[in-house]
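Understanding the architecture of this molecule
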Amino acid sequence: MAVSLGYGTSETGSISYELIPRGDSIGLLLPGVTAKIVDETGQFLGPGESGELLVRLVYPFLGYYGDTLATHAVLDEEGFVRTGDIAYFDDAGFLYLVYRKREILKYDNYHIASAELESRIRTNLTGVRQVVVIGLTNSDRPYNDRATALNVRMDDDDGRPDLLTEQRVVDHYARTNSAGTQTPAWRRYLCRITAYDRQWKGNA
């Protein structure tokens, strides 16, 4: 059975479709869809350059009912919708998703990928079956994200939860941070989760 990929958002509907398979691409833009890739300053980026994907349709998204602040945040001055996805186009116009912009944690002007923290926690740390890292608001400094690791414990051979503590996770990250990446301020929670679902492209 052949499976084709499509991509869209709640605000825009369908954006692209995989009419012609091409590696990890999510296809070409559908008729009536205009898109651009921009950097953090809003400057246009060319083929092969990753930035936030903004799209505009023939029948544009007008906004969220009763929420002007959210509408202003998601629409740019030309009526393009900010998807929150980091993507790029190749020279032939095929679209590729890289990661979710909103899965980047910000802490004191540092941008930290949740996937990087998850990888470090999973590496050589016993007792972790699954992990996802999210950012929670720091009440004292609301512009900062506090990294929060949600861990699914792995049972040992006797059926007892392995000894996985908050401090072990934090200490392990510090020991494996040989590249000198900025260490985030961790929110000291150890959430006991039995399972969670991961979608295509790794979203939890």
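Refer to the structure above for everything that follows.
To start, this report covers the structure provided alongside it. (Residues numbered from 1 in each chain as written. Predicted model: local features only at pLDDT ≥ 70, side-chain atom pairs only at ≥ 80, totals over all residues. Heavy atoms only, no water.)

**Digging into the overall build of the chain**
Helix and strand content of the chain: three helices and twelve strands. Taken over 204 residues, the chain has a buried fraction of 34%. Contacts in the chain between residues far apart in sequence, at least 24 positions, make up 52% of those at least 6 positions apart. For the chain, the computed accessible surface area is about 12600 Å², with 51% contributed by carbon and sulfur atoms. (Helix = DSSP H or I, 4+ residues; strand = E, 2+ residues; numbered from the N terminus. Buried < 20%, exposed > 50% of the residue type's maximum accessible area, 1.4 Å probe, protein only. Contact = heavy atoms within 4.5 Å. Areas by Shrake-Rupley, 256 points an atom, 1.4 Å probe, with all protein chains shown as cover.)

**Quick notes on the sheet that holds strand β4 (residues 33-38)**
The four strands lie next to each other as β4-β5-β6-β7, forming an open sheet whose pairing is antiparallel. With one partner strand each, in any of the chains shown, β4 and β7 (95-100) form the two edges of the open sheet. Within the sheet, the average angular offset between the axes of one strand and its neighbour, ignoring direction, is 50°. When strand β6 (residues 81-89) meets β7, the two strands line up antiparallel, connected through five bridges. (Pairing = 2+ DSSP bridges. Axes fitted to C-alpha atoms, helices over the stretch in contact; angles between N-to-C directions.)

**Regarding the pattern of salt bridges**
Inspection of every chain in the model, using the stated rule, returns three salt bridges. Notably, a salt bridge pairs Asp-90 with Arg-22, separated by 2.9 Å at the nearest N-O pair. Of this pair, Asp-90 sits in the loop between β6 and β7 while Arg-22 sits in the loop between β2 (13-17) and β3 (28-29), placing them 68 residues apart in sequence. On the basis of relative accessible area, Asp-90 is assigned to the buried category, the value being 14%. The residue Lys-36 makes a salt bridge to Asp-76 at a minimum N-O spacing of 2.8 Å. Note that Lys-36 is positioned in strand β4 and Asp-76 in the loop between α1 (68-74) and β6, a separation of 40 residues in sequence. Here the two residues Lys-36 and Asp-76 agree in accessibility, since each one is buried. Look at the salt bridges and you will find they share partners, linking Lys-36, Asp-76 and Glu-78 into a network. (Salt bridge = Lys/Arg side-chain N within 4 Å of Asp/Glu carboxyl O.)

**Topic: the environment of Ala-87**
By the secondary structure assignment, Ala-87 is in strand β6. For Ala-87, a relative accessible area of 0% gives the class buried. Separated by 33 residues in sequence, Ala-87 and Leu-54 place their C-alpha atoms 9.6 Å apart. Apart from the residues lying within four places of it in its own chain, the contact partners of Ala-87 are Ile-37, Glu-49, Ser-50, Gly-51, Leu-53, Leu-95, Tyr-96, Leu-97 and Val-98.

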